[in-house]
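Overview (structure and organization)
Spelled out, the chains give:
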Amino acid sequence: MNIENKIQSIYDNLRPNRYGLKKYLIKDNKKHPFAIICPGGAYGKVCSYVEGMPIAKELNKLGYHAFVVYYRTNEKAIYPNPHEDLYKGISEVLNNKDKWNLDTDKWSLWGFSAGGHLVSSYCTLDYDLKPEVLVLSYPVITLKEYTHKGTLKNLLGINPDLELIERLSVENNVKEDYPPTFIWNGDADKSIDPINSKMMVKALNLSGIKYEYREYENVGHGVGLAKGTNAENWLNEALDFISKL
């Protein structure tokens, strides 16, 4: 087991399976834009280490406050628990915008893998707090044929309700008020079929939503910052997309 996996294992074993919010603030007493991050893990474990803290710290270097939302997983992941935890996290962040020096213009919501499903489906539901921009990294989008089976099982149980499958398959529910979206995946992803991202791109196109899509060669799943791969510039490209809006 390499050092990164050891850290992940320790991290998963220590973090309680309940809502949590981790702050990564730039400590210069100045206002900064911010991002809220939802790591992945198929709704089955305490969220991927490489998709939380390293992303937040990289955003800090680039002038963004960052927050990582930890949502209920495994036996506590049954819908709507993760979505309610995300709403709670967004509420907590926005309620402290003055205390934490947050610039709320174009604030963004970032999701990885199943965390990508969480944030993208959240934006189709009737919550009153929505991001200005979405950033989706190798996301689960559909809960139908091309879904990740573990994600579906953990979120909706062994015998999922067909109406919920439809409601939470994001490609079916993108409307004209959906946030502009940056989305990417690797073409060598063996965990989440890249067709998920392509389905999302089609849905964004049909609804006239601004988006940018990247597919990087020879990049697999769960790579986080993707240093040393063809996707290593994805985070800067996402921030460029946000800045152009």
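Up top is the structure.
Our subject in this report is the structure included herewith. Note that the structure is predicted; figures quoted are calculated from it, not measured. (Residues numbered from 1 in each chain as written. Predicted model: local features only at pLDDT ≥ 70, side-chain atom pairs only at ≥ 80, totals over all residues. Heavy atoms only, no water.)

Turning our attention to the sheet that holds strand 4 (residues 102-112). Reading across the sheet, the seven strands line up as 1-3-2-4-5-6-7 and stay open at both edges, with mixed pairing between neighbours. Here the strands that pair on one side only, and so sit at the sheet edges, are strand 1 (20-24) and strand 7 (211-216). For this sheet the average axis-to-axis angle between neighbouring strands, irrespective of direction, equals 15°. Strand direction decides the pairing type here: strand 5 (residues 133-137) and strand 6 (residues 181-186), joined by four bridges, are parallel. Each bridged residue has a counterpart across the sheet, and for Leu134 the counterpart in strand 6 is Thr181. With respect to the sheet, helix 3 (residues 81-95) is in contact with strand 1, strand 2 (32-38), strand 3 (65-70) and strand 4, its orientation differing from that of strand 4 by roughly 155°. (Pairing = 2+ DSSP bridges. Helix = DSSP H or I, 4+ residues; strand = E, 2+ residues; numbered from the N terminus. Axes fitted to C-alpha atoms, helices over the stretch in contact; angles between N-to-C directions. Contact = heavy atoms within 4.5 Å.)

Attention shifts here to the layout of surface pockets. By volume, the second largest pocket is sized at about 200 Å³. Split into classes, the residues belonging to the lining of the second largest pocket amount to seven nonpolar, two polar and five charged. (1 Å grid on protein atoms, 1.4 Å probe; cavity = no way out; pocket = protein on both sides within 12 Å on 5 of 7 lines; lining within 4 Å. Points joined across faces, edges and corners; volume = space filled by probe spheres on them. Nonpolar A, V, L, I, M, F, W, Y, C, P; charged D, E, K, R; others polar.)

Membership of the largest hydrophobic core comes to 42 residues, with the highest contact counts inside it found for Ile36, Leu86, Tyr178 and Met200. The residues contacting Leu86, other than those within four sequence positions of it, are Cys38, Val69, Leu109, Leu118, Val119 and Tyr122. (Core = buried A, V, L, I, M, F, W, Y, C linked by side-chain atoms within 4.5 Å. Buried < 20%, exposed > 50% of the residue type's maximum accessible area, 1.4 Å probe, protein only.)

On to the packing of aromatic side chains. Within the structure shown, the criterion is met by 13 aromatic pairs. With a centroid separation of 6.1 Å and 85° between ring planes, the pair formed by Phe34 and Phe67 is classed as edge-to-face. Here the residue Phe34 occupies a position in strand 2, and Phe67 occupies one in strand 3, the gap between them amounting to 33 residues. For the pair formed by Phe34 and Phe67, the shared burial category is buried. These aromatic residues form a ring-pair network of at least three members: Trp110, Phe112, Tyr138, Trp184, Tyr216 and Trp234. Taking the ring centre of Tyr24 as reference, the NZ or CZ of Lys22 above it sits at 5.9 Å. (Phe/Tyr/Trp six-rings, centres within 6.5 Å; stacked < 30°, edge-to-face > 60°. Lys NZ or Arg CZ within 6 Å of the ring centre and 35° of its normal.)

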